[in-house]
Amino acid sequence: MSPQPASASRRYSASETPAADRARSARPVVSVGLVVAICLVAANLRTTLTGVGALLPEIERGSGLSSSWGGLLSTLPLLTFAATSPLVARASHRWGSARLLVASLGVLAVGTVVRSLPSVVFLFTGTVILSAAIAFGNVLLPALIRRSVPAHRIQGVSALYVTVMGLMAAVSSGVSAPLAHTVPGSWRTALAWGVAFTVAAFLAWLPRMRGDKPQASTGGTHSPVPWRSRLAWQVTFFMGLQSLAFYTAVAWLPSILIDRGTSSTTAGWMLFYYQVVSLASSSLLPLLTRGRHDQRWTAAGASVLVAGGFTVLVAAPALTVLACTLLGLGGGACLVLALTFQSQRAGSSGEAAALAGMAQSIGYLVAAAGPLLLGILHDTTHSWTLPLSVLAVLGIATAVAGHGAGQDRHLRQDAR
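The notes below deal with the structure included here. Quick caveat: nothing in here was measured; it's all calculated off a predicted structure.

Thresholds, definitions, all that
Residues numbered from 1 in each chain as written. Predicted model: local features only at pLDDT ≥ 70, side-chain atom pairs only at ≥ 80, totals over all residues. Heavy atoms only, no water. Salt bridge = Lys/Arg side-chain N within 4 Å of Asp/Glu carboxyl O. Buried < 20%, exposed > 50% of the residue type's maximum accessible area, 1.4 Å probe, protein only. Axes fitted to C-alpha atoms, helices over the stretch in contact; angles between N-to-C directions. Helix = DSSP H or I, 4+ residues; strand = E, 2+ residues; numbered from the N terminus. Contact = heavy atoms within 4.5 Å. Core = buried A, V, L, I, M, F, W, Y, C linked by side-chain atoms within 4.5 Å. Domains from an automatic or database assignment.

1. Examining the pattern of salt bridges
Inference 1: What the rule picks out here adds up to one salt bridge.
Inference 2: A salt bridge links Asp-294 to Arg-296, with the nearest nitrogen and oxygen atoms 2.9 Å apart.
Inference 3: Judged by its relative accessible area of 32%, Asp-294 is partly exposed.
Inference 4: The partly exposed category is assigned to Arg-296, whose relative accessible area is 30%.

So, in C-alpha cells, the structure goes:
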C-alpha cells in the first residue's frame, strides 16, 4: 500500500475523518450579516403597530372615528395575524422562505404607505395589508432561524431578535406622538416613519434570495400543520396565553392604575417601566439558561412571575412597582421562550414554519380576545378585581402549558 500523501495527512488527523469534516462544514454558521438581517426583520414586526396606541386620540379626532372603531383599529392586526399565519407554511414550501420574506417586506412597505393616505378606507385597508405582511414575518423568522442557526444558538439569536423587536416597539410608542406634532402631515406621516426600517430589511434580505430554493422544486415534502401533536398544542397554548397577558397589560395597565388614583403621567411611565424590565429579562434569559436544553421549569417559573404580578395588582395595589417588575421579568422571558420553542421543537425548517403557523394563528386569536374580555368583565363588575384575578389564573394555566412546551423533544418524537 502506498503511503498517504503528506497533504492528506495534514488535512485529516486521527480523530478527524473526511466524513466528519464534511459534516462540520455543513453545519450552519452564524455570520454577522445573518444576525443583522434577522434583527432588521425583527425591527419591523411591531414598529408599525405600537405607534398606533400613542396616536389613537389624534387619529380619532382627525378621521372622525368613534372609540369603538378606534378599538377595532387596534384589534385588527391580531385578527389578521390569526387569519394569515396558517397560510405561511404552504406558501414557504412553494416559493422558498427567503423569497417569501422579501416579498412580505415589500408588501409591508406598501401597506405602511397606504395606511397613511388621506382616507379612513385607506387607514383600515393599509392596516390589514401591513398586518398580513407582519404575520408572514412572524412565522418565517423562526423557520429561517431553525434552518440557518446551530441548535445551541437558537435561543440566543431568538432572544436578540425579541430584544430588538421590543426595543423598536418601545421607541415607536415614544416617538410617534412627538413626530405627529413636528412633521408635515401630522399623524398620517407619523404612522409611516417605520418604513425606513422596512426598506433596510428588504435590501438586507434581497441577496439571500439567490440560494433559496423552494422545497417543492427540490423534491422536499411539505410539512403539515401538526394538529394532532400534544407538544404542538402545548407550544401553541403557551404562545397564546403569554401573548394574551402582554397585549392585555399594554391595553389596560394605565387604565387600571388611573382608576386607582395614579396620575395619567405616572401610569404612562409605569407602562414604560414594565416594557424596559421585559426587555432586560428577554436579553438576560439566554445567559442564565446557557447549555440547558430542558426549559420546562424556566417556562413555568416565568409564567408564575406573571401570575404573581397580576395577583399583586389585586391584593396590594400600592405595590405597583413590584407588580410591574414581576410582569416584566416573567413576560420578557415567556416571549423569548414562546418564539424559541417554535424553532427548537421542530425537526426541520419546514416543521418550524408549520408549527409557527399553528402557534401564531391560534395564539394571536387568543391574544385578541384578552383585552376585549377584560373590558367586558370590568364593565360588568365595575371593578378590576375579577378581571385581574382571571389573568392571574390564566398565568397558572400558562405555566402548565410552558412546562409541557419546554421539554427537550421534537414533534417527530412526540408523534411516536
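Past the structure itself, the notes keep going.
2. Things to note about the packing of helix α6 (residues 88–95) against helix α7 (residues 97–115)
Inference 1: Two elements in contact, α6 and α7, have axes whose closest approach is 7 Å; the angle formed by their N-to-C orientations is 115 degrees. Residues Val-88, Ala-91, Ser-92 and Trp-95 of α6 form the contact with α7, whose own contacting residues are Ser-97, Arg-99 and Leu-100.

3. Description of unusual backbone geometry
Inference 1: For Ser-186, which is not a glycine, the phi torsion comes out positive at approximately 55 degrees.
Inference 2: By the secondary structure assignment, Ser-186 is in helix α10 (residues 186–190).
Inference 3: Ser-186 sits in the partly exposed class, given a relative accessible area of 27%.
Inference 4: For His-382, which is not a glycine, the phi torsion comes out positive at approximately 55 degrees.
Inference 5: Mapped onto the secondary structure, His-382 falls in the loop between α16 (349–381) and α17 (385–405).
Inference 6: On the basis of relative accessible area, His-382 is assigned to the exposed category, the value being 69%.

4. Digging into the nonpolar core
Inference 1: By size, the foremost hydrophobic cluster in this structure holds 92 residues, and its most contacted members are Ile-38, Ile-145, Tyr-161, Trp-205, Phe-238, Phe-310 and Leu-313.
Inference 2: When residues in this core are grouped by element, the largest group, 13 residues, is from helix α12 (residues 230–259).
Inference 3: When we break this core down by domain, the ones giving at least three residues each are domain 1 (28–209) and domain 2 (224–415).
Inference 4: Ile-145 has contacts with Ile-38, Ile-154, Val-157, Ser-158, Tyr-161 and Ser-343, leaving out every residue within four places of it along the chain.
Inference 5: Judged by nonpolar contacts, the second largest core, of 13 residues, contains Leu-56, Ile-59, Leu-65 and Leu-191.

5. Some thoughts on the environment of Val-114
Inference 1: Among the structural elements, Val-114 can be located in helix α7.
Inference 2: Residues Val-114 and Ile-129, spaced 15 residues apart in sequence, show a C-alpha to C-alpha distance of 8.6 Å.
Inference 3: Beyond its immediate sequence surroundings of up to four residues, Val-114 is in contact with Phe-122 and Gly-126.

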